[in-house]
Amino acid sequence: MQSTRRTFLQSSAAAGLGAGIVGCAAPSAPAAVSQTAEHPAIAALTSMTADVRPITADERAARIAKAQALMAEHRMGAIYLEGGSSMFYFTGVRWGLSERPFVCVIPAKGDLGWVCPAFEEERARELVKGVADVRVWEEDESPYRQIANILKDRGVTTGRVGVEERLRFFIYSGVRAEAPGIDFTDAEPVTAGCRMFKSATELALMQKASDITIEAFRAAFATFREGMTQGDLRANIQAAHRALGAPDGSASVSFGMYTAFPHGSIEPQQLKMGDVIQVDGGCGIDGYRSDITRTTVFGTPSARQTEIWNLEKAAQAAAYAVVKPGTPCEAVDAAARKVITDAGFGPDYKVPGLPHRTGHGIGLDGHEWTNFVRGNTTPLAPGMCFSNEPMIAIYGEFGIRLEDCLYVTEDGAQYFSQPSPAIDKPFA
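Residues numbered from 1 in each chain as written. Predicted model: local features only at pLDDT ≥ 70, side-chain atom pairs only at ≥ 80, totals over all residues. Heavy atoms only, no water.

### Brief notes about helix H11 (residues 303–321)
Moving on, step 1. An ideal rise of 1.5 Å per residue puts 27 Å on 19 residues; H11 measures up with 27 Å between its terminal C-alpha atoms.
Moving on, step 2. When we look at burial in H11, the residues that qualify are Gln305, Ile308, Trp309, Leu311, Glu312, Ala315, Gln316 and Ala319. Seen end-on, H11 carries its buried residues on one side only, within an arc spanning 160 degrees. Residues Ala303 and Ala321 are exposed on H11 and point more than 90 degrees away from its buried face. (Helix = DSSP H or I, 4+ residues; strand = E, 2+ residues; numbered from the N terminus. Expected span 1.5 Å × (residues − 1). Buried < 20%, exposed > 50% of the residue type's maximum accessible area, 1.4 Å probe, protein only. Arc of directions from axis to C-beta.)

Shown next, in the form of structure tokens:
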């Protein structure tokens, strides 16, 4: 695995885009509550989560051990992080962000250390479990000094300490002031070096999330009706996810010419016959995300709609075909983009054509390391997970995007969700 900062950041920006709504972008319009009774297709759904196996304590311990090995490789004495997906990944602890720092220090050698507000100590100890080094600070004291003290007590007073990429600047700045002998650096080679490569348990959780989203979409697509709004359809998708055991499931919805906007439009829309319908969403199971886009037509597709839909399907298939260990990420984007540009669209990121990268990494964050994008030479390896979602955007007309997530195996690629067979058959 290439672990240079350029490669990771180019392939990441990690997860920031689309993180607000289950791995896709902001919804296309304010949500509206459907005024109709629950559709029979949604009322018939039951939970699919009875067989879910969450990440075990042993697997999290193995993750910490791998992180410590990577710290040694990259000459870091420790990394530190606050509430978010990386903290959950390594420790299983979820903690919301506020102006009061709650921080975990993972040293290259020794036990983890925690820093939390004094009045939150009992809650923190409930979450971290067992005998743990939890250090507190009163409201008139410095949390940063406590973090620096943990580093000192682990023998880290000089050298390099990794800062997790999402840690907020005021915490970094405060710790830097309390530990002037330390060279703070990017922790991404450690965090990405662990999180990019999914275990069998992680893949199973992502498979379950994908299966649920497909069934939620299938049920919601049975509710199409003339005059429904994006909010109506989005509410049905949310209700279907809840019934299936994924209460955080949601989607971005677009109709007609607004499907050309890659992440939807703020314009209110009502469904009419002949409209292209685009739905992009997913859910989380034990934190692990799905991200699926289905594009179809309400009524009978036109020849033009079918032509572009088929071209999009060919681009998605071309990207999938080149996925195998050792292939650089940029080659996947190039394969999809060639199909679209050979048909006269583009070139490059110009519209009409494919205006964005072909895919993004996915896991605990809807968007995480790494991306199928030009210039990203990171070689594919088993356990890496991506969306495969080239798009053809034709402003003023419509857009077609098909999105299915995949993971890399020793032999090539494997889809979590099976691609749509045809424009009028969105589900395999």
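### Observations regarding the packing of helix H3 (residues 57–73) against helix H8 (residues 188–195)
Moving on, step 1. Relative orientation of the contacting elements H3 and H8 amounts to 140 degrees, with a least axis distance of 9 Å. Classified by the angle between their axes, H3 and H8 sit oblique to one another. The interaxial crossing formed by H3 with H8 has right-handed handedness. Only Pro189, Val190, Gly193 and Cys194 of H8 make contact with H3, whose side of the interface consists of Arg63, Lys66, Ala67, Leu70 and Met71.
Moving on, step 2. Its residues placed into classes, the contact of H3 with H8 shows six nonpolar, one polar and two charged. (Axes fitted to C-alpha atoms, helices over the stretch in contact; angles between N-to-C directions. Parallel < 35°, antiparallel > 145°, perpendicular 65-115°, else oblique. Left-handed = near helix turned anticlockwise from the far one by under 90°. Contact = heavy atoms within 4.5 Å. Nonpolar A, V, L, I, M, F, W, Y, C, P; charged D, E, K, R; others polar.)

### Concerning the sheet that holds strand E8 (residues 276–282)
Adjacent strands of a sheet pair through backbone hydrogen bonds, lying either parallel or antiparallel.
Moving on, step 1. The three strands are arranged E7-E8-E11 in an open sheet whose pairing can be described as antiparallel. With partners counted over all chains shown, the strands left at the sheet margins are strand E7 (250–255) and strand E11 (292–297), one partner each. Between one strand axis and the next, the sheet turns through 15 degrees on average, direction left out of account.
Moving on, step 2. Contacting E7, E8 and E11, helix H9 (residues 200–221) crosses the sheet at an angle of about 25 degrees to E11.
Moving on, step 3. Along the sheet, helix H10 (residues 230–243) makes contact with E7 and E8, crossing E7 at roughly 150 degrees. (Pairing = 2+ DSSP bridges.)

### Observations concerning the packing of H11 against helix H12 (residues 329–342)
Moving on, step 1. Two elements in contact, H11 and H12, have axes whose closest approach is 7 Å; the angle formed by their N-to-C orientations is 155 degrees. Compared by their axis directions, H11 and H12 come out roughly antiparallel. Read as a crossing pair, H11 and H12 show a hand that is right-handed. On H12, the residues touching Leu311, Glu312, Ala314, Ala315, Ala318 and Ala319 of H11 are Val332, Ala335, Ala336, Val339 and Ile340.
Moving on, step 2. Of the residues in the contact of H11 with H12, the class split is ten nonpolar, no polar and one charged.

### Things to note about the environment of Thr306
Moving on, step 1. Turning to its location among the elements, Thr306 is positioned in helix H11.
Moving on, step 2. Using a relative accessible area of 25% as the deciding quantity, one classes Thr306 as partly exposed.
Moving on, step 3. Residues contacting Thr306, with those up to four places away along its chain left out, are Pro301 and Ile423.
Moving on, step 4. A polar contact is formed between the side chain of Thr306 and the backbone oxygen of Ser302, at a distance of 2.9 Å. (Polar contact = N/O pair within 3.5 Å; in protein donor to acceptor, adjacent residues only side chain to side chain.)

### Section: the side chain of Ser420
Moving on, step 1. Tracing the backbone through its elements, the reader meets Ser420 in the segment after strand E18 (413–415).
Moving on, step 2. On the basis of relative accessible area, Ser420 is assigned to the buried category, the value being 2%.
Moving on, step 3. Of the polar contacts made by the side chain of Ser420, one reaches the side chain of Arg294; its length is 3.2 Å.
Moving on, step 4. Engagement of the side chain of Ser420 in a polar contact is seen with the backbone oxygen of Pro426, the distance being 2.7 Å.
Moving on, step 5. Non-local contacts of Ser420, meaning those with residues more than four positions away in its chain, are made with Arg294, Trp309, Lys313, Leu402, Lys425 and Pro426.

### Focus on the packing of aromatic side chains
What describes a pair of aromatic rings is the distance from one ring centre to the other and the angle between the planes of the rings.
Moving on, step 1. Evaluation of the coordinates by the stated rule reveals 15 aromatic pairs.
Moving on, step 2. On the basis of an interplanar angle of 75 degrees and a centroid distance of 6.1 Å, the ring pair of Tyr80 and Phe184 is categorised as edge-to-face. Highlighted residues: Tyr80 in strand E1 (residues 76–82) and Phe184 in strand E6 (residues 182–186), separated in sequence by 104 residues. Take Tyr80 and Phe184: they sit in the same class, and that class is buried.
Moving on, step 3. In this arrangement the basic side chain of Arg60 is found over the ring face of Phe88, its NZ or CZ atom lying 4.7 Å from the centre.
Moving on, step 4. Against the face of Trp95 rests Arg123, its NZ or CZ located 3.8 Å from the ring centre. (Phe/Tyr/Trp six-rings, centres within 6.5 Å; stacked < 30°, edge-to-face > 60°. Lys NZ or Arg CZ within 6 Å of the ring centre and 35° of its normal.)

### Points about the sheet that holds E1
Moving on, step 1. The six strands are arranged E4-E3-E2-E1-E5-E6 in an open sheet whose pairing can be described as mixed. With one partner strand each, in any of the chains shown, strand E4 (133–137) and E6 form the two edges of the open sheet. In this sheet, adjacent strand axes meet at a mean angle of 25 degrees when their direction is disregarded.
Moving on, step 2. For strand E3 (residues 113–117) and E4, the ladder comprises five bridges, and the chain directions are parallel. Each residue of the ladder has a partner; that of Trp114, found in E4, is Val134.
Moving on, step 3. Each of E1, strand E2 (103–107), E3, E4, strand E5 (159–163) and E6 touches helix H6 (residues 143–153); the most contacted strand, E4, lies at about 150 degrees to it.

### Quick word on unusual backbone geometry
Moving on, step 1. In this structure, the amide linkage connecting Val351 to the following residue, Pro352, adopts the cis form with an omega of 0 degrees.
Moving on, step 2. Tracing the backbone shows Pro352 in the loop between H12 and strand E12 (359–361).
Moving on, step 3. Geometrically, the link from Trp369 to Thr370 is a cis peptide bond, its omega value of -10 degrees lying close to zero.
Moving on, step 4. The topology assignment puts Thr370 in strand E13 (residues 368–372).
Moving on, step 5. The phi dihedral of Arg75 is positive, around 55 degrees, even though this residue is not glycine.
Moving on, step 6. Mapped onto the elements of the fold, Arg75 is located in the loop between H3 and E1.
Moving on, step 7. Phi is positive for Asp286, which is not a glycine, with a value near 50 degrees.
Moving on, step 8. One can find Asp286 in the loop between strand E9 (284–285) and strand E10 (288–289).
Moving on, step 9. By relative accessible area, Asp286 is classed as partly exposed at 26%.

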